[in-house]
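Results of the structural survey
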Amino acid sequence: MQKHITVRPAEGTWVVRAGGAVIAESANALELNEGDMPFVIYFPRSDVAMAFLDASAHKTTCPHKGEASYFDIVSKSKTYTNAVWSYETPNADAAEIKDHLAFGVQDGVLVERI
């Protein structure tokens, strides 16, 4: 039986920009593939400027990954609500993403390989 989730090292260096500021940059990011959905890049928490993030009360649950906690990105000009998520205690299928953060691409938030 094929796993629904696969996690592997993301090739290259990845960066997150929000409101023009670099929020994260990592050569140690992970690429998570889930079914036929687009892949998601997860950044090690140590490579994220956590000072730009405020914990949100928002939570979601994925049957494959577990419960996600969310963060807002606070920039000088705008707050990007629930733009970041993390699985603090992921299910076994996604154990590799513990202590990692993912960023939702939206107007003003960009995740890209450099």
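This report concerns the structure included in the present document. (Residues numbered from 1 in each chain as written. Predicted model: local features only at pLDDT ≥ 70, side-chain atom pairs only at ≥ 80, totals over all residues. Heavy atoms only, no water.)

Some thoughts on the layout of surface pockets
The gaps left among the atoms become clear once a water-sized probe is rolled over them. Here the largest pocket defines a volume of roughly 160 Å³. Lining the largest pocket, in full, are Leu-32, Glu-34, Met-37, Pro-38, Val-40, Tyr-42, Lys-65, Tyr-70, Trp-85 and Tyr-87. For the lining of the largest pocket, the secondary-structure elements that each account for two or more residues are strand S4 (30–34) and strand S5 (40–44). Taken together, the residues of the lining of the largest pocket sort by class into 8 nonpolar, no polar and 2 charged. (1 Å grid on protein atoms, 1.4 Å probe; cavity = no way out; pocket = protein on both sides within 12 Å on 5 of 7 lines; lining within 4 Å. Points joined across faces, edges and corners; volume = space filled by probe spheres on them. Helix = DSSP H or I, 4+ residues; strand = E, 2+ residues; numbered from the N terminus. Nonpolar A, V, L, I, M, F, W, Y, C, P; charged D, E, K, R; others polar.)

Concerning the nonpolar core
With 20 residues, the main nonpolar core has Phe-43, Ile-73 and Phe-103 as its most contacted residues. If you list the elements that add at least two residues to this core, you get strand S2 (14–18), strand S3 (21–26), S5, strand S7 (66–74), strand S8 (79–86), strand S9 (100–103) and strand S10 (109–113). Setting aside its immediate chain neighbours within four residues, Phe-103 contacts Val-16, Ile-23, Ala-24, Ile-41, Phe-43, Val-48, Ile-73, Ala-83, Val-84, Trp-85 and Val-111. Ile-5, Leu-30, Trp-85 and Tyr-87 belong to the second-largest nonpolar core, a separate cluster that totals 13 residues. (Core = buried A, V, L, I, M, F, W, Y, C linked by side-chain atoms within 4.5 Å. Buried < 20%, exposed > 50% of the residue type's maximum accessible area, 1.4 Å probe, protein only. Contact = heavy atoms within 4.5 Å.)

So, the environment of Val-105
Within the secondary structure, Val-105 sits in the loop between S9 and S10. By relative accessible area, Val-105 is classed as exposed at 59%. Remark: the alpha-carbon pair of Val-105 and Ala-83, spanning 22 residues in sequence, is separated by 7.7 Å.

Describing the side chain of Lys-65
Structurally, Lys-65 can be placed in the loop between strand S6 (53–62) and S7. If sequence neighbours within four positions are ignored, Lys-65 has contacts with Ile-5, Leu-32, Glu-34, Tyr-42, Tyr-87, Pro-90, Asn-91, Ala-94 and Ile-97.

Looking at the pattern of salt bridges
Evaluated as defined, the whole model comprises 5 salt bridges. One salt bridge in this structure joins Arg-8 and Glu-11, with 4.0 Å as the shortest N-O distance. The class of Arg-8 is partly exposed, set by a relative accessible area of 39%. Glu-88 is the partner of Arg-45 in a salt bridge, and the nearest nitrogen-oxygen pair spans 2.9 Å. Of this pair, Arg-45 sits in the loop between S5 and S6 while Glu-88 sits in the loop between S8 and S9, and the two are 43 residues apart along the sequence. (Salt bridge = Lys/Arg side-chain N within 4 Å of Asp/Glu carboxyl O.)

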